[in-house]
Amino acid sequence: MTFNASMREYIETIGSRLVGRVFTYKNALHYVLEVDEESGLARVSFRNEGKTAVMQMPIGEVAFRLNGTLKD
């Protein structure tokens, strides 16, 4: 997917605010590791059954979860 300049600026601005933040999802604490501007996805880590796991989540979903707009 190709983003125009204004979309890229918006994603990069949001990304810089998301990296390093934590939120709770499905009763687990999630930590935002990085934001990929090209794909529009954030990479987040969390603990699952005693092990660290990593998953990708849309940037918008991460932003809503950090804001408290989305709940489990």
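Residues numbered from 1 in each chain as written. Predicted model: local features only at pLDDT ≥ 70, side-chain atom pairs only at ≥ 80, totals over all residues. Heavy atoms only, no water.

**Let's talk about a nonpolar patch on the surface**
Together, V22, L29 and Y31 line one region of the surface with nonpolar side chains, adding up to about 280 Å² of accessible area. If you trace the backbone, Y31 turns up in strand β2 (residues 28-36). (Patch = residues over 30% accessible without salt bridge, like charges linked within 9 Å, V, L, I, M, F, W, Y side chains within 5 Å. Areas by Shrake-Rupley, 256 points an atom, 1.4 Å probe, with all protein chains shown as cover. Salt bridge = Lys/Arg side-chain N within 4 Å of Asp/Glu carboxyl O. Helix = DSSP H or I, 4+ residues; strand = E, 2+ residues; numbered from the N terminus.)

**Observations concerning the confidence of the model for the protein chain**
Taken residue by residue, the protein chain gives an average pLDDT of 88. The fraction at 70 or more is 94%. Looking over the protein chain, one finds the lowest element-wise mean pLDDT in helix α1 (residues 5-18), namely 77, and the highest in strand β4 (residues 51-58), namely 96. (pLDDT = per-residue confidence, 0-100.)

**Quick look at the sheet that holds β4**
The strand order across the open sheet formed by four strands is β1-β2-β3-β4, and the pairing between neighbours is antiparallel. Edge strands, defined here as strands with exactly one partner in the open sheet, are β1 (22-25) and β4. Each strand of the sheet is rotated relative to its neighbour by a mean of 35 degrees, with strand direction disregarded. The pairing of β1 with β2 spans four bridges and is classified as antiparallel. (Pairing = 2+ DSSP bridges. Axes fitted to C-alpha atoms, helices over the stretch in contact; angles between N-to-C directions.)

**Points about the side chain of H30**
With respect to the helices, strands and loops of the structure, H30 is situated in strand β2. Reaching out from H30, the side chain makes a polar contact with the backbone oxygen of A28 at a distance of 3.0 Å. Setting aside chain neighbours within four positions, we find H30 in contact with R21, V22, F23, Y25, V44, S45, F46 and M55. (Polar contact = N/O pair within 3.5 Å; in protein donor to acceptor, adjacent residues only side chain to side chain. Contact = heavy atoms within 4.5 Å.)

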